[in-house]
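# Structural description and commentary
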Amino acid sequence: LREPGSVMHCALKSLLLAGAGAMAVFASASQAATTTDAWTPPSDPYLWLEDVGGDRAMSWVKAENTRTLSVLEADRRFEALHAAALTIAEAKDRIPTPHFIAGRVFNLWQDADHVQGVWRSASVEEFGHASPNWSTVIDVDALSRKEGRNWVWRGANCLYPEETRCLISLSEGGEDAEVTREFDLVSGQFVKGGFQFPRSKQGHVWEDRDHIIVGREWAPGDVTESGYPYVIKRVARGASLDQAVEVFRGSPKDVGVNAFELRDGAGNHAILIQRDISFFESELYLLTEKGPVKVDVPLKSQVRGMVQGRILIEPKQYWTSKGQTFKAGVLVSVDFNALRSNPGQVSPRLVYAPGPRETLDGVDQTK
């Protein structure tokens, strides 16, 4: 879906393909809404779009691109707007988004010469200069050419606190499924014999240097009806995926199950498992030495971070606990150590309650 050197056309085609999937969902939902008797799943006339790289799907995309571009390019404003947008997207003087890893500043940079991107780093001091001296860590375009793939950068998950070993995730053409490999920032190379996870919709959390908590499609069909993992396992260094030990199992009826971690400046580390039983409702589990233990929080709530040993939670519904009732949309905290001792007895404390003309829009944490 990419035309070399054309960021705008790449984005347009991606949006069209994404719109195709949305159209299929809308069609199915519309048919279901008209059924008043016993409901049976309707046939999906757009199921062939699931084969994203298939000849039929690609022919449809190309035809829709041609139809859409003919309308856009007929507008007298198109050429100037397209040129301006492309100039901005490929500008060399854009402000690079910084990510701090191992005491250095990292950034994924894309421009006309690096359409897929360059993951690069600079010292904090260099980053403060008008023209930092960047060092290339991974050239995604070059890696794609070397491996004969169309890699799209999906991110780096580096083991704290040294942050010298990272799990690098790449997807073929920007699909949801990704391939993940261990990378050594010291040598600047992928680790030979290191952690490797083949193509799948998946998520990873470092438990320690030699163990990773992973959710993925372990065997064909090990996904929910929504297409996401529902089995979480622990993978040990040097072991095959077949030797991974199951940690948690949801249900194929769930939306999905994923593991994530929280850290704070005091050195606290929590690994949590979120089981999405519906689009708006989730169960929360704390991973302990004895296994996952369910945390007593509302089904409609969101974990926002951890600061000074207290986990921040935003309830999306009224929450009554220990004689206190918290409204939806406030921010509360619970003690992490107390939670580890008794996850079934949570004692939330109010952190922030929006005023009558306010809403809680987001939460970020520092050390």
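Think of each chain on its own: its residues are numbered from 1, step by step along the sequence as written. Side-chain atom pairs in this predicted model are given and counted only at pLDDT of 80 or more, local residue features only at pLDDT of at least 70, and totals for whole chains, interfaces and linings cover all residues. Values reported for side chains reflect all heavy atoms of the structure, with hydrogen atoms and water molecules removed beforehand.

Okay, the state of the cysteines next. Disulfides are defined in this document as cysteine sulfur pairs within 2.5 Å. Inspection of every chain in the model, using the stated rule, returns one disulfide. A disulfide bridge connects cysteine 158 with cysteine 166, and the sulfur atoms are separated by 2.1 Å. Between cysteine 158 and cysteine 166, the S-S torsion sits near 100°, and that sign places the bridge as right-handed. Judged by its relative accessible area of 13%, cysteine 158 is buried. Only protein chains enter the accessibility calculation, which uses a 1.4 Å probe; a residue whose area is less than 20% of its type maximum is buried, one above 50% is exposed, and one in between is partly exposed.

What follows deals with helix α5 (residues 140-147). Secondary structure counts use DSSP, requiring at least four H or I residues in a row for a helix and at least two E residues in a row for a strand, with both numbered from the N terminus. Three or more residues of α5 are buried, namely Val140, Asp141, Leu143 and Ser144. Down the axis, α5 shows its buried residues gathered within 165° of arc, on one side only. Exposed residues lying more than 90 degrees from the buried face of α5 are Arg145 and Lys146. Working rule for contacts: check all heavy atoms of both residues, and any pair within 4.5 Å makes them a contact. The inward-facing, buried residues of α5 abut β3 (114-123), β4 (135-139), β5 (151-158), β6 (165-172), β7 (178-184) and β8 (189-190). Within 3.5 Å is the distance limit for a polar contact, defined as a pair of N or O atoms, with the added protein rule that one can donate a hydrogen and the other accept it, and that residues adjacent in sequence qualify only through two side-chain atoms. Here α5 starts with a cap whose side-chain oxygen sits 3.1 Å from the backbone nitrogen of aspartate 141, and that cap is aspartate 139. Of the residues flanking the end of α5, it is glycine 148, one or two places downstream, whose phi is positive at about 65°. By definition, the arc is the one covered by directions from the helix axis to the C-beta atoms.

Within the secondary structure, glutamine 317 is located in the loop between β19 (310-315) and β20 (319-321). Its relative accessible area of 29% is what places glutamine 317 among the partly exposed residues. There is a polar contact of 3.1 Å between the side chain of glutamine 317 and the backbone nitrogen of lysine 300.

A few words now on unusual backbone geometry. The step from tyrosine 160 to proline 161 runs through a cis peptide bond, and the omega angle for that step is 5°. In this structure, proline 161 sits in the loop between β5 and β6. In this structure, glutamate 163 takes a positive phi of about 55° despite not being glycine. Here glutamate 163 shows up in the loop between β5 and β6. If you check the backbone angles, glutamine 308 has positive phi at about 50° while not being a glycine.

Our next topic: the pattern of salt bridges. What makes a salt bridge here is a side-chain nitrogen of Lys or Arg within 4 Å of a carboxyl oxygen of Asp or Glu, nothing more. Within the structure shown, the criterion is met by 22 salt bridges. One salt bridge in this structure joins arginine 237 and aspartate 210, with 2.9 Å as the shortest N-O distance. Separated by 27 residues along the polypeptide, arginine 237 in the loop between β12 (231-236) and β13 (245-249) and aspartate 210 in the loop between β10 (203-208) and β11 (211-215) bring together distant segments of the chain. In this structure aspartate 210 comes out as partly exposed when scored by relative accessible area, which is 34%. The network of salt bridges with common partners includes Arg165, Glu182, Asp184, Asp210 and Arg237.

A word on helix α3 (residues 78-89). In an α-helix, one full turn covers 3.6 residues, which means residues spaced three or four apart are oriented alike. An expected span of 1.5 Å times one less than the residue number is assigned to each helix. Its 12 residues place the ends of α3 16 Å apart at the C-alpha level, agreeing with the 16 Å of an ideal helix rising 1.5 Å per residue. Of the residues making up α3, those classed as buried are Phe78, His82 and Leu86. An end-on view of α3 places all buried positions within 55° of arc, on one side of the element. Summarising the geometry of α3, the exposed residues directed more than 90 degrees from the buried face are Ala80, Leu81, Thr87 and Ile88.

All right, on to the confidence of the model for the chain then. Detailed reading of the predicted coordinates is not advisable wherever pLDDT is low. What pLDDT conveys is the predictor's confidence in a given residue, as a value from 0 to 100. Confidence in the prediction of the chain, expressed as mean pLDDT, is 90, and 89% of residues score 70 or more. Here residues 1-36 is a poorly scored stretch, pLDDT under 50, and it has 44 contacts once near neighbours within four places are set aside; other chains count.

Counting residues in hydrophobic clusters, the biggest one holds 23 residues, and the most contacted among them are Phe195, Ile212, Ile213, Ile232, Val235, Phe248 and Ile273. Broken down by secondary-structure element, the contributors of at least two residues to this core are β10, β11, β12, β13, β14 (256-263), β15 (269-276) and β16 (282-288). Aside from chain neighbours lying at most four places away, what touches isoleucine 273 is Ile232, Val247, Phe248, Val257, Asn258, Ala259, Glu283, Leu284, Tyr285 and Pro292. The criterion is simple. A nonpolar core is a set of buried Ala, Val, Leu, Ile, Met, Phe, Trp, Tyr and Cys residues joined through side-chain atoms within 4.5 Å.

Bringing the sheet that holds β3 into the picture now. With respect to topology, four strands assemble into an open sheet ordered β1-β2-β3-β4, the strand pairing being antiparallel. Each having just a single partner strand, β1 (99-101) and β4 make up the two edges of the open sheet. Averaged over all adjacent pairs, the angle separating strand axes in this sheet is 35°, with direction ignored. Being paired, for any two strands, means DSSP has found at least two bridges between them. In this structure, β1 lies alongside strand β2 (residues 104-111), joined through three bridges in antiparallel fashion. Its bridge partner lying in β2, histidine 99 is registered against phenylalanine 106. Note on method: axes are straight lines fitted to C-alpha atoms, helices fitted across the in-contact stretch only, with angles between N-to-C directions ranging 0 to 180 degrees. Sitting on the sheet, α5 is in contact with β3 and β4, with an inclination near 125° to β3.

For arginine 275, the position within the fold is in strand β15. When its relative accessible area of 19% is taken as the criterion, arginine 275 is described as buried. Each C-alpha atom, one on arginine 275 and one on valine 255, is 8.0 Å from the other, the two residues being 20 residues apart in sequence. Beyond its immediate stretch of four places on either side in the chain, arginine 275 contacts Phe248, Gly250, Ser251, Asp254, Gly256, Val257, Glu281, Ser282, Glu283 and Tyr285. In this structure the side chain of arginine 275 is engaged in a polar contact, spanning 2.7 Å, whose partner is the side chain of aspartate 254.

Further remarks concern the sheet that holds β15. Strand order in this open sheet of four strands is β14-β15-β16-β17, and the pairing throughout is antiparallel. The strands lining the two open edges of the sheet, one partner per strand, are β14 and β17 (291-294). Adjacent strand axes in the sheet meet at a mean angle of 30°, parallel and antiparallel pairs treated alike. Across four bridges, the pairing between β16 and β17 is antiparallel. Within the sheet, the bridge partner assigned to leucine 286 lies in β17 and is valine 293.

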